[in-house]
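The chain contents come next:
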Amino acid sequence: MAKKYFYTIFFFLFLFSARVSAQESRPATNGKTQESTIEGLSFYPNPVSNGKIYITSKSTLDKEIAIYDVLGKKVLQSVVTSKELNVSSLSPGVYIIKIKEGDATATRKLIVK
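Residues numbered from 1 in each chain as written. Predicted model: local features only at pLDDT ≥ 70, side-chain atom pairs only at ≥ 80, totals over all residues. Heavy atoms only, no water.

Engineer: So what's going on with the overall build of the chain? Which residues, and what values?
Structural biologist: The helix and strand tally for the chain stands at one helix and seven strands. Of the regular secondary structure in the chain, the N- to C-terminal order runs α-β-β-β-β-β-β-β. By residue count, 25% of the 113 residues in the chain fall in the buried class. In the chain, once contacts between residues fewer than 6 apart in sequence are set aside, the share between residues at least 24 apart is 48%. Accessible area of the chain: about 8,500 Å², with a carbon and sulfur share of 57%. (Helix = DSSP H or I, 4+ residues; strand = E, 2+ residues; numbered from the N terminus. Buried < 20%, exposed > 50% of the residue type's maximum accessible area, 1.4 Å probe, protein only. Contact = heavy atoms within 4.5 Å. Areas by Shrake-Rupley, 256 points an atom, 1.4 Å probe, with all protein chains shown as cover.)

Engineer: If you had to explain the environment of Asn-46 to someone new, which residues and values would you point to?
Structural biologist: Mapped onto the elements of the fold, Asn-46 is located in the loop between β1 (42–44) and β2 (52–56). Every residue in contact with Asn-46, bar those within four places of it in the chain, is listed here: Lys-109, Leu-110 and Ile-111. Here the side chain of Asn-46 touches Lys-109 through a polar contact of 2.9 Å, landing on its backbone oxygen. A distance of 2.9 Å separates the side chain of Asn-46 from the backbone nitrogen of Ile-111, its partner in a polar contact. (Polar contact = N/O pair within 3.5 Å; in protein donor to acceptor, adjacent residues only side chain to side chain.)

Right, dumping it as structure tokens:
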């Protein structure tokens, strides 16, 4: 009986110590990540129904776009030099769009109808 309690306590201590060490590995910057966000970023329309989205920001740098499905598979990758991105090849559904402009990145939800 005492052996059973020993293994149970040992198991919970192991889980607790693993959870504490995983939390300590995060960067401690007041709850914010190290990534900088894109200033003045907007993309429209969302939800997309005409097969095109328009991405704007305060900067005129080229934007690297990666679109992922809900399983995390990259379904589209492109570099946008203008404001317009053609997403007509995507099936209707929910996607994650990652926009990189210089050193700044932003991640948003994209809905295609």
